[in-house]
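As a plain string of letters, each chain reads:
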Protein chains: 2
Amino acid sequence: MRGLMQDWPLLVHKILDHAATYFGDRQIVTRAVEPDGGIRRTTYADIHRRARKLASAFQSFGVRLGDRVATLAWNTERHLEAWYGIAGVGAVYHTLNPRLFPEQIVYIANHAEDRIIMTDLTFVPLLEKIQDHLKSVEAIIILTDRAHMPQTSLRNVICYEEFVAAGSDSFEWASFDENTACGLCYTSGTTGNPKGVLYSHRSNVLHSLAANQSDALGVSNGDVILPVVPMFHANAWSLAFSAPMAGAALVMPGARLDGPSIYELLENERVTMTAAVPTVWLALLNHLEGNNLKLSTLKRVAIGGSACPPSMIEKFEKNYGVDVSHAWGMTELSPVGTVGTLKAEQKALPFDERLRIKSKQGRPMFTVEMKILDDAGKELPRDGKAFGHLVVRGPAIASGYFKGDGGQVLDGEGFFDTGDVSTIDAQGFMQITDRAKDVIKSGGEWISSIDIENLAVGHPAVANAAVIGVHHPKWDERPLLIVQKKPGHEVSREEMLAFLDGKIAKWWMPDDVAFIDNIPLTATGKIQKVELRNIFKDYRLPTAGAAAAAGGAS
Amino acid sequence: MRGLMQDWPLLVHKILDHAATYFGDRQIVTRAVEPDGGIRRTTYADIHRRARKLASAFQSFGVRLGDRVATLAWNTERHLEAWYGIAGVGAVYHTLNPRLFPEQIVYIANHAEDRIIMTDLTFVPLLEKIQDHLKSVEAIIILTDRAHMPQTSLRNVICYEEFVAAGSDSFEWASFDENTACGLCYTSGTTGNPKGVLYSHRSNVLHSLAANQSDALGVSNGDVILPVVPMFHANAWSLAFSAPMAGAALVMPGARLDGPSIYELLENERVTMTAAVPTVWLALLNHLEGNNLKLSTLKRVAIGGSACPPSMIEKFEKNYGVDVSHAWGMTELSPVGTVGTLKAEQKALPFDERLRIKSKQGRPMFTVEMKILDDAGKELPRDGKAFGHLVVRGPAIASGYFKGDGGQVLDGEGFFDTGDVSTIDAQGFMQITDRAKDVIKSGGEWISSIDIENLAVGHPAVANAAVIGVHHPKWDERPLLIVQKKPGHEVSREEMLAFLDGKIAKWWMPDDVAFIDNIPLTATGKIQKVELRNIFKDYRLPTAGAAAAAGGAS
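Please read all numbers here as calculations on a predicted model, not as lab measurements.

Participant: Help me understand the overall build of chain A, please; the structure alone is not making it clear to me.
Facilitator: Broken down by element type, chain A carries 15 helices and 25 strands. Since a compact globule built from 554 residues should have a radius of gyration of about 24 Å, the 24 Å found for chain A is in line with a globular shape. Overall size of chain A, expressed as C-alpha extent along the three principal axes, is 75 × 60 × 55 Å. In chain A, the share of contacts with a sequence separation of at least 24, taken over all contacts with a separation of at least 6, comes to 66%. Total accessible area on chain A stands at roughly 20300 Å², and carbon and sulfur atoms take up 50% of it. If you average the places of the 56 positive and of the 64 negative side-chain charges in chain A, the two averages end up 2 Å apart.

As structure tokens, this is what we get:
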């Protein structure tokens, strides 16, 4: 027997309807991408009006249900309009990550069969270089007005403002099943080709409802949110939906994500909450410290993308009075999986205890189920010590990749393997200890590379550090610590090992230390362990019974 | 094209799974219904364990998907277990309201075809009287332990604790489509037979996600919530779902809802948030004032069910430091439609301005669409002045009544007519001005009976007041003010009219005042206007051109 409740499909454009009706005058502030553009100001009412005109223009262009329209753009009010305009005709907004290598972008755009690319001025030169390889693209919409249209060799170029202006004012959103595809974002895998995660309207709406719970992102109408995290990265942590859902104002930073530029927006626009990866916050903290500045309105920072050093959390809280929530997620999770909001009883703990908890990745919000498994698929205890494969299940979690890439990705119970290895403690706080493929298997036991790396970067002479497993005749694998020194600093193998001594279990101690000029990073700033393992593939550990013979290390 | 997201049906028992996993030790405190029962304490982990045993026992009994299992019970931990245990096998929890007349309860239980009734000891005498009329009931489960089982003439009686104990510890929740019926609650209509609202799992989960947004109920894991609003009333304002979803503790008041009993729980259990109808708060405020007491932990009060006098909001905020949220809803809305949380910019207004806004019924949370229509179905402006039929649309709003009662209830656009008449202001705040059937139509213009009543009860000699439209040869209808005086107080017709003079528009002034010993109330404490209109059906107004001839009034 079915309940007798209305059939009201969860469609993302209903979020914008709500924002325009109840928070029509809330400001959306954008730092223009155009060099002379300055600060632009608009409102949800205006974005609602323009997004519908845009949707109508897409309809006239011939964009149909399920078509992919790509965006290659910074966070601006036009990018926000674009998402809603695309989704509002039932097409799929496909975020292209400009930080990827050009050949990856070509691969992704062709794989997605994008019909249109909407681009910022910034990326016109990039598109000029690759346009001959883009097989499905019929038009390129440049997100600017007529006055700023560039000289370009691009073919079939459209001026965004003119495209919008041609749309109808009386357009009504399309309505369709809530499971209809809505957004597409490719994961930048370290091996193999990128794979597409295909969000539905339902998953985006449910994710935003869940993320807006008080103890998750807890967005309210009094918030002014600066999403530093780009819209082309992991669905913008859902802020493009959760902010208008709550009636929060948005400050869009455009192309300038450096410390001084972010600081200027935080202060001038009275931002209360912001979200970004640790490297952005490092730049901001450096700027604050170097210039003896304060943050006068910022209350909350969500940090995700990679593990946040405890020292960063401590600085934000002690020196600037800003509450830090460590969050964890993945493109495949829409993206938020856990948020590190303390439980009520934990708020009364001494600072160091709170810091220890806040350095974990947090608790799942309702709609996310998670557990950890051993190699045999058996669930491990939630004791904060056992670590295993982190698997997740929920309505905003991928069931597979676009066009079937990667094959079957769910286990028999419907859980998705995140590829992360983590602990979960008795309070439900999850802590990533490693990527599954980076874990070092020593004599059948697991050693976390990340734990050792986090300690090693605490040494004042270390710019970056990586730990990989290298072959050992007795233990199968043993850890090798690879160190990139800060310019002008020196540190020896013995000093590094002495620095770690006592901080980790004896059997976790690296068997050797190698120094390297540059630890290779991915386009998104993560350590390329595959590349490191390749560089050190013939490395012989001194403990392996013979003299060390470094391969490729300096 | 469908998104590639997991098929994770929104089922209410997943809420309890989440609470047990991440907030397993959160307390559920109950004031026992048994006279010698005192205070019982349990946790989400225990409720989760017991609800699954209960579900298993239902399964053994033969309860199947879609079967109705009724509860006739106060708010206790056992009632909470019952809801989850019933829903967890795919059956329908059907709340019977013990405040209805016995013949209404018989009608409802038969109409619902309840197979089992779960009852508190309190209602055993009531059931003994009506059991011969209950056609479908196969068993009556008494929500107590063996030691407290009563001597009773009831047939097929089962002791709840024994029933639970017989259930299996290894039971796994059923899984099924999220649109499956989950809960049933009948509206106590003032005319005609009660009609059943049939909630689905989906509507309950979505409603709780929406209600838990920061600016709606904003429940967090640090909250200790005392739902004074009974679970048999309008789906308990969703607190049975939204509290465990957020990990909030619950304090269940059992049968004692008087001022001193509620006060004792608020203080002893360190309650932070509570929800009830105005009459309960009146009793609490009287107790506080009469005994010079303070509220040391309470932060937020949600008031709904009927309009809350501004003086009550003022007292809570000024004298007790408690933030009042006026909420509005209906059984048909699951039930929350609007919540009166101020917008950020309104929080800075002077107290009187804030009070004026807070006295309205509030803004809809996302997932609730609302608008006001004139008699011809044309949308009226959101100017805070125009008032019309309030219609709503959303995923947790009824599409019809159980077994088709009442016929088609949605308009062509899918909106449900609430039967209320209201304004909506430019900020989106809705204010009920009347029930559509109680509005007084004077010369083609509408007069709000509620506005005049709210003013009239402000007179120190008035215990209660009602305004109805009575026939007028020229204006069709004109308002008659009906007053019930406080014992030992006197007030004249002229004094009443003088009291209103200047507070309302001239043409809204009642044409006459009638005094009556007792204004008739419904079982749920609302004024029975149908009955009043019947009493005064032959009333001739002095303005009708002849001497007044009161019928039935004293």
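What follows picks up the thread again.
Participant: Quick question: what am I supposed to make of the relation of the copies chain B and chain A here?
Facilitator: Two copies of one chain are present, and they are related through a rotation about an axis combined with an axial shift. Taken as rigid bodies, chain B and chain A are interconverted by a rotation of 180° and an axial shift of 0.0 Å, the fit giving an RMSD of 0.1 Å. What the superposition gives is, in effect, a two-fold axis relating one chain to the other. Interface overlap between copies: 100% of the residues of chain B at the interface are likewise at the interface in chain A, consistent with a symmetric, same-surface contact.

Participant: Help me understand the environment of B:L480, please; the structure alone is not making it clear to me.
Facilitator: Residue and element names in this part refer to chain B. Among the secondary structure elements, L480 is positioned in strand β24 (residues 476-485). The exposure class assigned to L480 is buried, which follows from its relative accessible area of 0%. With 56 residues separating them in the primary sequence, L480 and F536 have C-alpha atoms 9.3 Å apart. Leave out the neighbours within four places in its chain, and L480 touches A466, V467, I468, V470, D512, V513, A514, F536 and Y539.

Participant: Before we go on, may I ask you to explain the sheet that holds strand β20 (residues 430-435) of chain A in this structure?
Facilitator: Strand pairs in the sheet, formed through backbone hydrogen bonds, run parallel or antiparallel to each other. All names here are of chain A. On the basis of which strands lie adjacent, the open sheet formed by 4 strands has the order β17-β18-β19-β20 and antiparallel pairing. The sheet is open, and its two edges are formed by β17 (369-373) and β20, each paired on a single side. On average, each strand axis in the sheet is tilted by 50° relative to the strand beside it, whichever way the strands run. Pairing between strand β19 (residues 416-424) and β20: 5 bridges, direction antiparallel. Its bridge partner lying in β20, T423 is registered against Q431.

Participant: Can you walk me through unusual backbone geometry in this structure?
Facilitator: Keep in mind that most residues, glycine aside, have a negative phi and that most peptide bonds are trans. Residues and elements named next belong to chain A. For the bond from S334 to P335, the omega torsion is 10°, close enough to zero to count as cis. In this fold, P335 is placed in the loop between β14 (323-329) and β15 (336-339). Here N156, not a glycine, exhibits a phi torsion of approximately 55°, which is positive. With respect to the element layout, N156 can be found in the loop between β6 (139-142) and β7 (157-159). When its relative accessible area of 52% is taken as the criterion, N156 is described as exposed. Located in the positive-phi region is N292, a residue other than glycine, with phi close to 55°. Following the sequence through the fold, N292 ends up in the loop between α10 (278-291) and β13 (300-303).

Participant: Looking at this structure, how should I read the packing of aromatic side chains?
Facilitator: Pairs of aromatic rings are described using the distance from one ring centre to the other and the angle between the two planes. All told, the structure shown has 30 aromatic pairs over all chains when counted by the stated rule. Seen from their ring centres, B:F171 and B:W173 are 6.4 Å apart, and the 90° between their planes marks the pair as edge-to-face. Note on accessibility: B:F171 and B:W173 belong to one class, buried. The structure contains a cluster of three or more aromatic residues connected by ring pairs, namely A:W83, A:Y84, A:Y93 and A:F241. Looking at A:K195, its charged tip hangs above the ring of A:Y401, at a distance of 5.1 Å from the centre. Between A:K503 and the ring centre of A:F499, over which it is positioned, the NZ or CZ distance is 3.9 Å.

The rules behind each value
- Residues numbered from 1 in each chain as written.
- Chains lettered and ligands numbered in written order.
- Predicted model: local features only at pLDDT ≥ 70, side-chain atom pairs only at ≥ 80, totals over all residues.
- Heavy atoms only, no water.
- Helix = DSSP H or I, 4+ residues; strand = E, 2+ residues; numbered from the N terminus.
- Rg over C-alpha atoms; globule rule 2.2 N^0.38 Å.
- Contact = heavy atoms within 4.5 Å.
- Areas by Shrake-Rupley, 256 points an atom, 1.4 Å probe, with all protein chains shown as cover.
- Lys, Arg positive; Asp, Glu negative; His and termini not counted.
- Charge placed at Lys NZ, Arg CZ, Asp CG, Glu CD.
- Least-squares fit on C-alpha atoms with pLDDT ≥ 70 in both.
- Buried < 20%, exposed > 50% of the residue type's maximum accessible area, 1.4 Å probe, protein only.
- Pairing = 2+ DSSP bridges.
- Axes fitted to C-alpha atoms, helices over the stretch in contact; angles between N-to-C directions.
- Phe/Tyr/Trp six-rings, centres within 6.5 Å; stacked < 30°, edge-to-face > 60°.
- Lys NZ or Arg CZ within 6 Å of the ring centre and 35° of its normal.

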